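# Remarks on the overall topology
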Amino acid sequence: MVATPILTIVVPCYNEEEVLPETVFRLSGVLDALIADELIASSSTMLLVDDGSKDATWALIERFHEANTFVTGLKLAKNAGHQSALLAGLMKAKAYSDCVVSIDADLQDDTDAIREFIVKFHEGYDIVYGVRQDRSADTFFKRATAQGFYKLMTSLGVKIHYNHADFRLMSKRTLDNLEKFQEVNLFLRGMVPLLGFPSTQVYYDRKERFAGESKYPLRKMLAFAFDGITSFSVTPIRFVTLMGFLLFLLSVCAGIYAIVGKLVGANVTGWTSLIVSVWFIGGVQLLALGLIGEYIGKIYKEVKQRPLFVIEKDLTAHATAQSELTDSTFKQSISGRG
(Lines give C-alpha, C1' and ligand atoms only; values in the text may rest on other atoms or scores of the structure.)
Protein backbone atom coordinates (compact mmCIF):
# COMPACT_ATOMS: atom_id res chain seq x y z
CA MET A 1 0.00 0.00 0.00
CA VAL A 2 1.34 3.41 -1.00
CA ALA A 3 1.72 5.83 1.91
CA THR A 4 -0.21 9.08 1.82
CA PRO A 5 1.85 12.18 0.88
CA ILE A 6 2.96 14.84 3.31
CA LEU A 7 1.45 18.18 2.22
CA THR A 8 2.66 21.61 3.25
CA ILE A 9 0.62 24.70 2.43
CA VAL A 10 2.96 27.69 2.07
CA VAL A 11 1.41 31.11 2.79
CA PRO A 12 3.53 34.26 2.30
CA CYS A 13 2.35 36.98 4.71
CA TYR A 14 2.99 40.71 4.81
CA ASN A 15 0.98 42.79 7.29
CA GLU A 16 -1.84 40.22 7.38
CA GLU A 17 -2.93 40.47 11.04
CA GLU A 18 -6.53 41.23 10.05
CA VAL A 19 -7.00 38.20 7.81
CA LEU A 20 -4.56 35.68 9.32
CA PRO A 21 -6.90 34.16 11.97
CA GLU A 22 -9.48 33.34 9.29
CA THR A 23 -6.77 32.05 6.94
CA VAL A 24 -5.43 29.64 9.59
CA PHE A 25 -8.98 28.54 10.46
CA ARG A 26 -9.91 27.73 6.86
CA LEU A 27 -6.62 26.02 5.97
CA SER A 28 -6.79 23.96 9.17
CA GLY A 29 -10.23 22.79 8.07
CA VAL A 30 -8.86 21.85 4.65
CA LEU A 31 -6.01 19.85 6.20
CA ASP A 32 -8.36 18.14 8.66
CA ALA A 33 -10.71 17.04 5.89
CA LEU A 34 -7.92 15.77 3.62
CA ILE A 35 -6.36 13.79 6.48
CA ALA A 36 -9.75 12.31 7.40
CA ASP A 37 -10.20 11.16 3.80
CA GLU A 38 -6.66 9.71 3.82
CA LEU A 39 -5.58 11.89 0.90
CA ILE A 40 -2.63 13.33 2.84
CA ALA A 41 -0.52 12.26 5.82
CA SER A 42 -1.40 13.32 9.35
CA SER A 43 1.98 15.11 9.60
CA SER A 44 0.91 17.62 6.93
CA THR A 45 1.18 21.29 7.91
CA MET A 46 0.87 24.89 6.79
CA LEU A 47 3.94 27.14 6.69
CA LEU A 48 3.27 30.85 7.28
CA VAL A 49 6.15 33.00 5.97
CA ASP A 50 6.34 36.45 7.55
CA ASP A 51 7.92 38.76 4.97
CA GLY A 52 9.14 41.43 7.38
CA SER A 53 5.68 42.53 8.50
CA LYS A 54 5.34 45.74 10.49
CA ASP A 55 2.19 44.70 12.33
CA ALA A 56 1.44 41.77 14.66
CA THR A 57 1.62 39.11 11.93
CA TRP A 58 4.61 37.26 13.43
CA ALA A 59 3.18 37.40 16.97
CA LEU A 60 0.01 35.76 15.63
CA ILE A 61 2.04 33.09 13.82
CA GLU A 62 3.88 32.22 17.05
CA ARG A 63 0.59 32.10 18.94
CA PHE A 64 -1.04 29.84 16.34
CA HIS A 65 2.05 27.63 16.30
CA GLU A 66 1.69 26.98 20.03
CA ALA A 67 -2.06 26.31 19.85
CA ASN A 68 -2.44 24.58 16.46
CA THR A 69 -0.34 21.55 15.51
CA PHE A 70 -0.82 22.33 11.81
CA VAL A 71 0.88 25.74 12.00
CA THR A 72 4.60 26.30 11.46
CA GLY A 73 6.31 29.58 10.70
CA LEU A 74 9.24 31.24 9.05
CA LYS A 75 10.25 34.84 9.77
CA LEU A 76 12.41 36.72 7.29
CA ALA A 77 14.84 39.29 8.70
CA LYS A 78 13.39 42.02 6.46
CA ASN A 79 10.87 42.54 3.71
CA ALA A 80 12.24 40.60 0.73
CA GLY A 81 9.19 40.85 -1.53
CA HIS A 82 6.34 38.46 -2.26
CA GLN A 83 8.23 36.25 -4.73
CA SER A 84 11.28 35.87 -2.48
CA ALA A 85 9.11 35.10 0.57
CA LEU A 86 7.22 32.51 -1.43
CA LEU A 87 10.46 30.92 -2.64
CA ALA A 88 11.78 30.84 0.94
CA GLY A 89 8.71 28.90 2.02
CA LEU A 90 8.87 26.51 -0.92
CA MET A 91 12.54 25.70 -0.37
CA LYS A 92 12.03 25.17 3.35
CA ALA A 93 8.91 23.02 2.88
CA LYS A 94 10.41 20.74 0.24
CA ALA A 95 12.85 19.32 2.82
CA TYR A 96 10.03 17.50 4.64
CA SER A 97 7.13 17.43 2.15
CA ASP A 98 6.06 15.26 -0.76
CA CYS A 99 4.02 18.07 -2.28
CA VAL A 100 3.57 21.77 -1.55
CA VAL A 101 0.64 24.11 -2.24
CA SER A 102 1.27 27.85 -2.34
CA ILE A 103 -1.56 30.30 -1.66
CA ASP A 104 -1.81 33.97 -0.66
CA ALA A 105 -3.12 34.87 2.78
CA ASP A 106 -5.91 37.15 1.53
CA LEU A 107 -8.29 34.20 0.83
CA GLN A 108 -9.13 35.41 -2.67
CA ASP A 109 -7.99 32.03 -3.97
CA ASP A 110 -10.46 29.24 -3.22
CA THR A 111 -9.11 27.04 -0.42
CA ASP A 112 -11.60 24.32 -1.37
CA ALA A 113 -9.72 23.86 -4.65
CA ILE A 114 -6.79 22.38 -2.72
CA ARG A 115 -8.67 19.07 -2.48
CA GLU A 116 -8.78 18.86 -6.28
CA PHE A 117 -5.08 19.75 -6.38
CA ILE A 118 -4.34 16.70 -4.21
CA VAL A 119 -6.59 14.47 -6.32
CA LYS A 120 -4.68 15.53 -9.44
CA PHE A 121 -1.41 14.89 -7.62
CA HIS A 122 -2.54 11.33 -6.84
CA GLU A 123 -3.37 10.93 -10.56
CA GLY A 124 0.31 11.52 -11.35
CA TYR A 125 0.61 15.27 -12.00
CA ASP A 126 3.67 17.02 -10.56
CA ILE A 127 2.34 20.57 -11.06
CA VAL A 128 -1.27 21.67 -10.67
CA TYR A 129 -2.07 25.27 -11.63
CA GLY A 130 -4.98 27.09 -10.03
CA VAL A 131 -6.63 29.09 -12.82
CA ARG A 132 -9.19 31.81 -12.19
CA GLN A 133 -12.27 31.27 -14.35
CA ASP A 134 -14.32 34.06 -12.78
CA ARG A 135 -12.74 37.37 -11.72
CA SER A 136 -15.94 39.31 -11.11
CA ALA A 137 -14.78 40.00 -7.54
CA ASP A 138 -11.95 42.15 -8.92
CA THR A 139 -12.47 45.74 -10.02
CA PHE A 140 -12.85 46.32 -13.75
CA PHE A 141 -9.49 48.09 -13.88
CA LYS A 142 -7.60 45.30 -12.10
CA ARG A 143 -9.31 42.61 -14.15
CA ALA A 144 -8.60 44.36 -17.45
CA THR A 145 -4.96 45.16 -16.65
CA ALA A 146 -4.26 41.65 -15.31
CA GLN A 147 -5.74 39.92 -18.33
CA GLY A 148 -3.95 42.36 -20.63
CA PHE A 149 -0.69 41.47 -18.89
CA TYR A 150 -1.17 37.73 -19.49
CA LYS A 151 -1.94 38.35 -23.17
CA LEU A 152 1.09 40.64 -23.53
CA MET A 153 3.40 38.08 -21.93
CA THR A 154 2.12 35.38 -24.28
CA SER A 155 2.57 37.63 -27.32
CA LEU A 156 6.18 38.27 -26.25
CA GLY A 157 6.88 34.54 -26.31
CA VAL A 158 6.78 33.90 -22.54
CA LYS A 159 5.26 30.54 -21.54
CA ILE A 160 2.76 31.51 -18.90
CA HIS A 161 -0.65 30.16 -17.89
CA TYR A 162 -3.48 32.61 -18.52
CA ASN A 163 -5.20 33.84 -15.34
CA HIS A 164 -2.83 31.89 -13.09
CA ALA A 165 -0.92 33.66 -10.31
CA ASP A 166 0.86 31.75 -7.52
CA PHE A 167 -1.88 29.37 -6.41
CA ARG A 168 -0.45 25.98 -7.39
CA LEU A 169 0.69 22.56 -6.23
CA MET A 170 4.24 21.34 -6.85
CA SER A 171 5.74 17.94 -6.11
CA LYS A 172 9.02 17.48 -4.28
CA ARG A 173 10.95 16.65 -7.44
CA THR A 174 9.73 19.81 -9.19
CA LEU A 175 10.88 21.88 -6.21
CA ASP A 176 14.25 20.10 -6.23
CA ASN A 177 14.67 21.19 -9.84
CA LEU A 178 13.31 24.68 -9.21
CA GLU A 179 16.10 25.11 -6.65
CA LYS A 180 18.61 24.78 -9.51
CA PHE A 181 17.32 28.05 -10.99
CA GLN A 182 19.62 30.75 -9.67
CA GLU A 183 17.77 33.88 -10.84
CA VAL A 184 17.81 36.89 -8.56
CA ASN A 185 15.05 38.54 -10.61
CA LEU A 186 12.25 36.18 -9.55
CA PHE A 187 9.12 35.62 -11.60
CA LEU A 188 7.88 32.23 -10.39
CA ARG A 189 4.79 32.04 -12.58
CA GLY A 190 7.14 32.18 -15.57
CA MET A 191 9.82 29.88 -14.07
CA VAL A 192 7.57 26.97 -13.05
CA PRO A 193 6.32 26.16 -16.60
CA LEU A 194 9.96 25.90 -17.71
CA LEU A 195 10.38 22.78 -15.53
CA GLY A 196 8.42 20.69 -17.99
CA PHE A 197 6.98 18.10 -15.59
CA PRO A 198 3.46 16.66 -16.09
CA SER A 199 0.99 19.41 -15.25
CA THR A 200 -2.70 20.18 -15.31
CA GLN A 201 -5.10 22.96 -14.34
CA VAL A 202 -7.86 23.36 -11.77
CA TYR A 203 -10.38 26.14 -12.33
CA TYR A 204 -11.95 28.15 -9.54
CA ASP A 205 -13.80 31.43 -8.92
CA ARG A 206 -11.75 34.26 -7.45
CA LYS A 207 -13.27 35.76 -4.31
CA GLU A 208 -13.16 39.16 -2.66
CA ARG A 209 -10.37 39.81 -0.18
CA PHE A 210 -11.57 38.70 3.27
CA ALA A 211 -9.95 41.60 5.18
CA GLY A 212 -7.15 44.14 5.00
CA GLU A 213 -5.94 45.82 1.83
CA SER A 214 -4.15 44.68 -1.30
CA LYS A 215 -0.36 44.53 -1.13
CA TYR A 216 -0.18 45.17 -4.88
CA PRO A 217 -1.23 48.76 -5.66
CA LEU A 218 -0.95 50.02 -9.24
CA ARG A 219 2.70 51.03 -8.87
CA LYS A 220 3.75 47.58 -7.65
CA MET A 221 1.60 45.84 -10.25
CA LEU A 222 3.28 47.76 -13.06
CA ALA A 223 6.75 47.14 -11.62
CA PHE A 224 5.99 43.42 -11.26
CA ALA A 225 4.68 43.22 -14.82
CA PHE A 226 7.71 45.04 -16.25
CA ASP A 227 10.05 42.86 -14.22
CA GLY A 228 8.36 39.73 -15.55
CA ILE A 229 8.58 40.93 -19.15
CA THR A 230 12.24 41.89 -19.00
CA SER A 231 13.16 38.74 -17.06
CA PHE A 232 11.74 36.35 -19.64
CA SER A 233 11.78 38.08 -23.00
CA VAL A 234 14.26 40.02 -25.15
CA THR A 235 11.46 41.10 -27.51
CA PRO A 236 11.46 44.70 -26.16
CA ILE A 237 15.13 45.03 -27.13
CA ARG A 238 14.36 43.66 -30.59
CA PHE A 239 11.47 46.11 -30.85
CA VAL A 240 13.86 48.99 -30.17
CA THR A 241 16.18 47.64 -32.88
CA LEU A 242 13.26 47.50 -35.31
CA MET A 243 12.25 51.04 -34.37
CA GLY A 244 15.80 52.25 -35.00
CA PHE A 245 15.81 50.59 -38.42
CA LEU A 246 12.46 52.16 -39.33
CA LEU A 247 13.70 55.58 -38.22
CA PHE A 248 16.81 55.09 -40.34
CA LEU A 249 14.66 54.37 -43.40
CA LEU A 250 12.51 57.40 -42.58
CA SER A 251 15.60 59.61 -42.31
CA VAL A 252 16.86 58.32 -45.68
CA CYS A 253 13.53 59.20 -47.28
CA ALA A 254 13.60 62.65 -45.63
CA GLY A 255 17.18 63.16 -46.88
CA ILE A 256 16.21 62.26 -50.44
CA TYR A 257 13.23 64.61 -50.21
CA ALA A 258 15.46 67.45 -48.98
CA ILE A 259 18.01 66.91 -51.76
CA VAL A 260 15.32 66.84 -54.44
CA GLY A 261 13.73 69.95 -52.96
CA LYS A 262 17.09 71.73 -53.03
CA LEU A 263 17.67 70.82 -56.67
CA VAL A 264 14.27 72.07 -57.84
CA GLY A 265 14.37 75.11 -55.57
CA ALA A 266 11.25 74.20 -53.62
CA ASN A 267 12.77 74.24 -50.11
CA VAL A 268 11.10 76.42 -47.54
CA THR A 269 13.37 77.28 -44.64
CA GLY A 270 11.76 76.57 -41.27
CA TRP A 271 12.47 75.32 -37.82
CA THR A 272 9.27 73.46 -36.81
CA SER A 273 10.03 70.24 -38.64
CA LEU A 274 13.61 70.35 -37.40
CA ILE A 275 12.61 70.79 -33.75
CA VAL A 276 9.95 68.06 -33.96
CA SER A 277 12.46 65.65 -35.50
CA VAL A 278 15.10 66.39 -32.87
CA TRP A 279 12.69 65.93 -30.00
CA PHE A 280 11.20 62.76 -31.47
CA ILE A 281 14.51 61.09 -32.21
CA GLY A 282 15.91 62.22 -28.86
CA GLY A 283 12.94 60.72 -27.04
CA VAL A 284 13.32 57.42 -28.87
CA GLN A 285 17.03 57.34 -27.99
CA LEU A 286 16.34 57.95 -24.31
CA LEU A 287 13.65 55.26 -24.34
CA ALA A 288 16.07 52.80 -25.94
CA LEU A 289 18.83 53.65 -23.48
CA GLY A 290 16.46 53.23 -20.54
CA LEU A 291 15.31 49.84 -21.79
CA ILE A 292 18.86 48.66 -22.39
CA GLY A 293 19.75 49.97 -18.93
CA GLU A 294 16.97 47.84 -17.42
CA TYR A 295 18.48 44.69 -18.88
CA ILE A 296 21.98 45.73 -17.79
CA GLY A 297 20.61 46.38 -14.29
CA LYS A 298 19.24 42.84 -14.16
CA ILE A 299 22.64 41.47 -15.18
CA TYR A 300 24.20 43.61 -12.42
CA LYS A 301 21.88 42.06 -9.82
CA GLU A 302 22.47 38.53 -11.09
CA VAL A 303 26.28 38.62 -11.05
CA LYS A 304 26.41 39.83 -7.42
CA GLN A 305 24.56 36.65 -6.34
CA ARG A 306 23.28 38.14 -3.11
CA PRO A 307 20.86 35.93 -1.11
CA LEU A 308 17.21 36.50 -1.93
CA PHE A 309 16.16 36.30 1.70
CA VAL A 310 17.57 35.94 5.21
CA ILE A 311 15.71 33.76 7.73
CA GLU A 312 15.54 35.24 11.23
CA LYS A 313 13.33 32.65 12.97
CA ASP A 314 12.28 29.13 12.02
CA LEU A 315 9.39 27.19 13.62
CA THR A 316 9.54 24.17 11.30
CA ALA A 317 11.68 21.88 13.47
CA HIS A 318 8.64 19.87 14.62
CA ALA A 319 7.45 19.33 11.03
CA THR A 320 10.91 18.17 9.97
CA ALA A 321 11.11 15.68 12.83
CA GLN A 322 7.66 14.28 12.04
CA SER A 323 8.50 13.80 8.36
CA GLU A 324 11.49 11.63 9.25
CA LEU A 325 9.10 9.07 10.81
CA THR A 326 7.02 8.59 7.63
CA ASP A 327 7.19 5.61 5.30
CA SER A 328 9.63 6.12 2.38
CA THR A 329 7.42 4.17 -0.04
CA PHE A 330 5.67 7.28 -1.31
CA LYS A 331 8.93 9.10 -1.98
CA GLN A 332 10.17 6.13 -4.01
CA SER A 333 6.98 6.14 -6.06
CA ILE A 334 7.37 9.85 -6.74
CA SER A 335 10.99 9.52 -7.87
CA GLY A 336 9.96 6.68 -10.17
CA ARG A 337 7.46 8.78 -12.09
CA GLY A 338 8.13 9.91 -15.60
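This structure is a prediction, so every number in the text was calculated from the model and none was measured. (Residues numbered from 1 in each chain as written. Predicted model: local features only at pLDDT ≥ 70, side-chain atom pairs only at ≥ 80, totals over all residues. Heavy atoms only, no water.)

## As for the overall build of the protein chain
Secondary structure summary: the protein chain contains twelve helices and eight strands in total. Taking all 338 residues of the protein chain together, the buried fraction comes to 43%. Considering only contacts in the protein chain between residues 6 or more positions apart, those separated by 24 or more positions represent 83%. Total accessible area on the protein chain is roughly 17,600 Å²; 61% of this is exposed by carbon and sulfur atoms. (Helix = DSSP H or I, 4+ residues; strand = E, 2+ residues; numbered from the N terminus. Buried < 20%, exposed > 50% of the residue type's maximum accessible area, 1.4 Å probe, protein only. Contact = heavy atoms within 4.5 Å. Areas by Shrake-Rupley, 256 points an atom, 1.4 Å probe, with all protein chains shown as cover.)

## Points about the side chain of threonine 111
Its location among the elements puts threonine 111 in the loop between β4 (99-102) and α4 (113-122). Residue class for threonine 111 comes out buried when judged on its relative accessible area of 7%. With near-sequence residues (within four places) excluded, threonine 111 lies in contact with Arg26, Leu27, Val30 and Ile103.

## Quick notes on the confidence of the model for the protein chain
Of all residues in the protein chain, 71% have pLDDT values of 70 or greater, and the mean over the chain is 80. This model gives residues 326-338 a pLDDT under 50, and the stretch forms 21 contacts once residues within four places in sequence are excluded. (pLDDT = per-residue confidence, 0-100.)

## A few points about the environment of histidine 122
Along the chain, histidine 122 falls in helix α4. Placed 118 residues apart in sequence, histidine 122 and threonine 4 show a C-alpha to C-alpha distance of 9.3 Å. Those residues in contact with histidine 122 that sit more than four places away from it in its chain are Pro5 and Leu39.

## So, the nonpolar core
Counting 37 residues, the largest nonpolar core has Leu7, Ile9, Met46, Leu48 and Ile114 as the members making the most contacts within it. Of all elements in the fold, only β1 (7-13), α1 (20-36), β2 (45-50), α2 (57-67), β4, α4, β6 (164-171) and β7 (199-205) reach the threshold of two or more residues within this core. Per-element tally for this core: the top contributor is α1, with six residues. Discounting residues that sit within four places of it in the chain, leucine 7 has contacts with Leu31, Leu34, Ile40, Ser44, Thr45, Cys99, Val100, Val101, Ile114 and Ile118. Membership of the second largest hydrophobic core comes to 26 residues, among which are Val10, Val100, Leu188 and Val192. (Core = buried A, V, L, I, M, F, W, Y, C linked by side-chain atoms within 4.5 Å.)

## Notes on a nonpolar patch on the surface
Nonpolar side chains collect at one region of the surface, where Phe239, Leu242, Phe245 and Leu246 lie side by side and expose about 430 Å² of accessible area between them. By relative accessible area, phenylalanine 245 is classed as partly exposed at 47%. (Patch = residues over 30% accessible without salt bridge, like charges linked within 9 Å, V, L, I, M, F, W, Y side chains within 5 Å. Salt bridge = Lys/Arg side-chain N within 4 Å of Asp/Glu carboxyl O.)

## With respect to the sheet that holds β4
If you walk across this open sheet you meet the eight strands as β7-β5-β6-β4-β1-β2-β3-β8, and the pairing is mixed. Across the chains shown, the open sheet's two edge strands, defined by having one partner strand only, are β7 and β8 (311-314). Direction aside, neighbouring strands of the sheet carry axes that sit 25° apart on average. Direction of pairing for β2 relative to strand β3 (residues 71-76): parallel, over a ladder of five bridges. Paired with aspartate 50 across the strands is lysine 75, a residue of β3. Helix-sheet contacts for α2 involve β1, β2, β3 and β8, and the interaxial angle to β3 is about 150°. Together, β1, β2, β3, β4, β6 and β8 form the strand contacts of helix α3 (residues 82-93), whose direction differs from that of β1 by roughly 155°. (Pairing = 2+ DSSP bridges. Axes fitted to C-alpha atoms, helices over the stretch in contact; angles between N-to-C directions.)

## Looking at α1
The end-to-end C-alpha distance of α1, which contains 17 residues, comes to 24 Å, matching closely the 24 Å that a straight helix rising 1.5 Å per residue would cover. Taken together, the buried positions of α1 are occupied by Leu20, Thr23, Val24, Leu27, Ser28, Val30, Leu31 and Leu34. What you see down the axis of α1 is that its buried residues fit within an arc of 160°, all on one side. Structural note: α1 exposes Phe25 and Ala36 on the side pointing more than 90 degrees away from its buried face. (Expected span 1.5 Å × (residues − 1). Arc of directions from axis to C-beta.)

## Side note on unusual backbone geometry
Even without being glycine, asparagine 15 reaches a positive phi, approximately 55°. When you line up the elements, asparagine 15 lands in the loop between β1 and α1. Of note, leucine 107 is a non-glycine position whose phi angle comes to about 65°, a positive value.

## As for the packing of α1 against α4
Taken N-terminus to C-terminus, the directions of α1 and α4 make an angle of 40°; their axes are 10 Å apart at the nearest point. Considering their axes alone, α1 and α4 lie oblique with respect to each other. In the packing of α1 onto α4, the handedness of the crossing is right-handed. Residue-level contacts link Leu27, Val30, Ala33 and Leu34 of α1 to Ile114, Arg115 and Ile118 of α4. (Parallel < 35°, antiparallel > 145°, perpendicular 65-115°, else oblique. Left-handed = near helix turned anticlockwise from the far one by under 90°.)

## Some thoughts on the packing of aromatic side chains
With the rule as written, the count across this model stands at two aromatic pairs. Between phenylalanine 117 and phenylalanine 167, the aromatic rings sit 4.7 Å apart at their centres with planes inclined by 40°, giving tilted as the arrangement. Within this pair, whereas phenylalanine 117 is found in helix α4, its partner phenylalanine 167 is found in strand β6, the two being separated by 50 residues in sequence. A relative accessible area of 0% places phenylalanine 117 in the buried class. Each residue in the set Phe117, Phe167 and Tyr204 is aromatic and connected to the rest through ring pairs, giving one cluster. (Phe/Tyr/Trp six-rings, centres within 6.5 Å; stacked < 30°, edge-to-face > 60°.)

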